[in-house]
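# Descriptive analysis of the structure
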Amino acid sequence: MKMPSEPHTVAMTTLPDEAAGAGVHAGARAGQQSPEQSGTASQQLAVFDPADPFDAGSTFDPEATFDAGLEKRFSLAAQPAAGLEAENISAWFGERKVLDRVSLSMPAGTVTALIGPSGCGKSTFLRILNRMHEMVPSASLAGEVLLDGQDIYDPQQRITAARRNIGMVFQKANPFPAMSIYENTVAGLKLAGLKASRAEKDFLVEDSLRKASLWDEVKDRLHQPGGGLSGGQRQRLCIARSLAVSPRVLLMDEPCSALDPTSTRRVEETIESLRGEVTIVIVTHNMQQAARVSDTCAFFLAAQNTPGVIVEHGDTNAMFSDPRDQRTNDYVNGRFG
Amino acid sequence: MSLIDEIAVRPSAPDSSVPNRTHLPLLDKAEADPDEGRIRLGAARQRSLVLAGAALGALAMGLLLTVGIGVIPLGWLFAVSFFWFLVLYTALVALREPLPVVRDGFVTVLLCSAGVAVVGTLALVVFFTFARGQDALGHINFFTRDMTGTGPLSGLDDGGILHALVGTLEQIAIALVMTIPLGLTTAVFLNEVGGKFARIVRTVVEAMTALPSVVAGLFIYAAVIMAVTRQTNGFAASLAITVLMLPIMIRSADVVLRLVPGNLREAGLALGAGQWSVVWYVVLPTVRSGLATGVILATAHGIGETAPVLLTSGFTGVMNVNPFSGPQTPLPLAALDLVRSPVPQMVSRGFATAAFLLLVVLVLFIIARLIGGQEAGKTTDGQLRLMAAQSRRDLPRIEENYRRLLEQRNRDLDAADIPDGADADIPDGSAVSRNATTNVTAVPIPQDRASNTTMQEKP
Ligand SMILES: Nc1ncnc2c1ncn2[C@@H]1O[C@H](COP(=O)(O)OP(=O)(O)O)[C@@H](O)[C@H]1O
Ligand SMILES: [Mg+2]
């Protein structure tokens, strides 16, 4: 069941290039600046130290909204979905620019699909959304990511809070091999230092596994290693693990690319049941999947040796039935990529 | 016209004029024969015959050349036979097979012989040690007494090496207490922090593995015994062993830590964990068995060291349980001391001591394996049964807790809903949906933090 789409206006999808103002963009945060961004030298500069994920330099503001996710006790009440807003995101690996001032709005509770050929920066964009990008030593970025209006790259914000609020599921299912299914599901609590009673953990395990539509398959072997599951089950275990820390946004990077059609179907059902509770952003190479699960869709493209950009984004139905850009039309109809 | 469109316009109704283009094999398939014949896989009979023939021929040739005509001394029998075995085997294979197969067979034989040589040498060493020491090993007092009052002419029913066992265990225990934390933290530092300083440390550690053991002994002798204690003692010996064990521990831990897939670390960090909780809860448990192997390697290396303890532990035949004062001889040193004696009983005791040392290493090895466990995620059948039983036992508890807390949460949600019911429906355009699986109304909780935090306290 999809969200009712916006009333039909003349243009349901957006071609960002039309709207791109000349050089109006957020300040570069990176040490390295591209030529076209070097004119904005006066903005604040923050160089990431990838060796310091604690982000020790930042002070912690107890009044910040993210504080809600930082209580040292786990709370039964799941946090509501939050809107995510990427504004003028540019990204570099060393000197190579791979994303050029990409802006995208992901409203609370909706499912957004990112599509586009390989190497056009979808994963990079996704990893910027929960501050995983800066783990690569040579990586830098510019722009703003607003979670409920708060910039997650603000020096006042804790990197760990941002990552807990914005969960991530990876292409390759990666349950922790030394933990059982039960422990894997609630690993986030232990890792983030959250206290929870055994009853609360029990609740969280069943709740998260149910949300990931895995409960019935594994309830008889909760204490067996998570690595003993099939590929599709492992991926759903990873989804359950992400859900257990009650994220407000869930990012998924090609979660089904290694799965068979049946497991893919189950993951899609999971996404369906999470709609409204969590904001979901999913990268997929499967056009039918994008069409089935997403409310809005963004088409990324990187022409030869240029950074990736969003060519067109908007309502999924419109993107697939009636795209305005010829390249989008070709891509969604399988004519290239 | 694209490919997709082309496919779409093909007629889909079956056309009876053309013969069937697909087949349905299930329609005419008989029941499976209960004793369906199976193909026997494995090496051809002929290959094992060739192997046996070549071995026999080579042995005969060796015997002929050594015992038969006597052109080669008997000691060379094995070397000569092995050489002839290679020749004969290759020739026999070459009679029937093409060149690649011959090359393959030749290399296989070489590799297998290397394995056999290693195992054989080891077996010889162990066998020789036990054989020479069997007289002393047969007496129970050998394990329960020290050498107090045992003269050169005393029989084997007098004296023993309990003092050396105590010395070895205490010294290796002290050395491990220092090596394991220091080695682990250094390895974690090398992997998690990195940078220029870490590269320097890594180089130093690598250089330290090549440190001659007598140098470690001399170092402790000069720095501890000459300067501080002024007498040899067990603690100085364990310090000397630590110097040798540390680089081995660091190196092996470093190698296994480097093998931890980066995506596990990423998964941990993506859950909002700090770097050190990822190391503690994810990285270290994942490589626990590899780290245990590192500890075993270091222990095996340290426990048999003779040169450093020669200078630091001192010689004594008397039991000394205090490692901090007075000489305390460990097993390898006791063995060295005993076999140098001209008296046959003492030599027998020396070999028995060496054999006993082998047993001690074996026991420590087994203990470390038990503690270290198997590779993460691998389980034996027994463990699997235990886990299954535990899962079955806990399931009712989990389901009960789930039901109870779900009710509680729904009550809380309803309670929180009533006061701000008017503006609670759609605060920021997020969808209101009902979760099909859990039956929880997923009404977004009002953003106002006050109602959010009081949620748990409400009845
Ligand atoms: N760790 C990295 N170091 C250097 N370049 C990278 C790294 N990861 C990705 N890239 C480059 O960034 C570009 C975008 O990659 P990515 O975001 O993974 O694309 P996608 O997910 O759309 O296939 C690619 O050209 C890729 O070569
Ligand atoms: Mg990718």
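I will try to describe carefully the structure that is included in this document. If you're wondering where the values come from, they're calculated on a predicted model, not measured in any experiment.

Attention now goes to the overall build of chain B. Across its full length, chain B holds 17 helices and 0 strands. Out of the 459 residues belonging to chain B, those deemed buried represent 38%. Carbon and sulfur atoms provide 67% of the accessible area of chain B, an area that totals close to 26900 Å².

As a further point, take the site of ligand 1. All names here are of chain A. Around ligand 1, the neighbouring residues are F93, R96, V98, S118, G119, C120, G121, K122, S123, T124 and V136. At 2.8 Å, a side-chain N or O of K122 approaches an oxygen atom of ligand 1. S123 places a side-chain nitrogen or oxygen 2.6 Å from an oxygen atom of ligand 1. Isolated, ligand 1 exposes 560 Å² of accessible area, and the fraction of that covered by the protein chains is 64%.

Now for the pattern of salt bridges. Two side chains bearing opposite charge may form a pair once their charged atoms approach each other closely. Residues and elements named next belong to chain A. For the coordinates displayed, the defined rule picks out 29 salt bridges over all chains. E134 is paired through a salt bridge with R131; the nearest N and O atoms lie 3.2 Å apart. Each member of the pair, E134 as well as R131, carries the same accessibility label: buried. The residue R265 makes a salt bridge to E268 at a minimum N-O spacing of 3.0 Å. Of this pair, R265 and E268 are both found in helix α9 (residues 261-274), 3 residues apart, which corresponds to roughly one turn of the helix. Residues participating in the shared-partner salt-bridge network are E217, R236, R265, R266, E268, E269 and R292.

Moving on, we come to the sheet that holds strand β4 (residues 111-115) of chain A. Residue and element names in this part refer to chain A. An order of β1-β11-β10-β4-β9-β8-β7 is seen for the 7 strands of this open sheet, with the pairing classed as mixed. Lying at the two open borders of the sheet, with one neighbouring strand each, are β1 (13-14) and β7 (166-169). Here 4 bridges tie β4 to strand β10 (residues 296-301), and the two strands are oriented parallel to one another. Within β10, the residue paired with A113 across the bridge is C297. With respect to the sheet, α9 is in contact with β4, β8 (249-253) and β9 (279-283), its orientation differing from that of β9 by roughly 150 degrees.

Attention shifts here to the packing of helix α14 (residues 331-339) of chain B against helix α15 (residues 344-372) of chain B. All names here are of chain B. Two numbers describe how α14 lies on α15: the axes approach to 7 Å, and their chain directions differ by 160 degrees. Relative to α15, the element α14 is oriented roughly antiparallel. Here α14 and α15 pass one another in a crossing that is left-handed. Facing L331, P332, A334, A335, L338 and V339 of α14, the residues of α15 in contact are M346, V347, R349, G350, F351, T353, A354, F356, L357 and V360. Per-class residue counts for the contact of α14 with α15 are 13 nonpolar, 2 polar and 1 charged.

Thresholds, definitions, all that
- The numbers attached to residues start from 1 for each chain and follow its sequence in the written order.
- Both sets of labels track the order of writing: A upward for chains, 1 upward for ligands.
- Whole-chain, interface and lining totals are the exception, using all residues; otherwise, since this is a predicted model, local features are given only for residues with pLDDT of at least 70 and side-chain atom pairs are given and counted only at 80 or more.
- The side-chain numbers reported here are obtained from all heavy atoms of the structure, hydrogens and water having been left aside.
- What counts as a helix is a DSSP run of H or I of at least four residues, what counts as a strand is a run of E of at least two, and both are numbered from the N terminus.
- Exposed residues in this analysis have more than 50% of their type's maximum accessible area, buried residues have under 20%, and partly exposed residues fall in between, with area computed by a 1.4 Å probe over protein chains only.
- Using the Shrake-Rupley algorithm and a 1.4 Å probe, accessible areas are obtained, with residue cover drawn only from the displayed protein chains.
- For this purpose, a residue is taken to be near a molecule or strand whenever a single non-hydrogen atom of the residue falls within 4 Å of it.
- In the analysis that follows, any N or O atom pair within 3.5 Å is treated as a polar contact, provided that within protein one partner can donate a hydrogen and the other can accept it, and provided that, for residues neighboring in sequence, both atoms belong to side chains.
- Salt bridges, as used here, are contacts in which a Lys or Arg side-chain nitrogen is within 4 Å of a carboxyl oxygen on Asp or Glu.
- Only strands that DSSP links by at least two bridges are regarded as paired with each other.
- Two residues form a contact once any of their heavy atoms are found within 4.5 Å.
- Every axis in this analysis is a line fitted to C-alpha atoms, fitted for helices over the stretch in contact. Angles between the N-to-C directions lie between 0 and 180 degrees.
- Each angle receives one of four descriptions, namely roughly parallel if under 35 degrees, roughly antiparallel if over 145, roughly perpendicular if within 65 to 115, and oblique otherwise.
- By the definition used in this description, the sense in which the near helix is turned from the far one sets the handedness, with an anticlockwise turn below a right angle giving left-handed and a clockwise turn giving right-handed.
- Residues were grouped as follows: Ala, Val, Leu, Ile, Met, Phe, Trp, Tyr, Cys and Pro as nonpolar; Asp, Glu, Lys and Arg as charged; and all remaining residues, including Gly, as polar.

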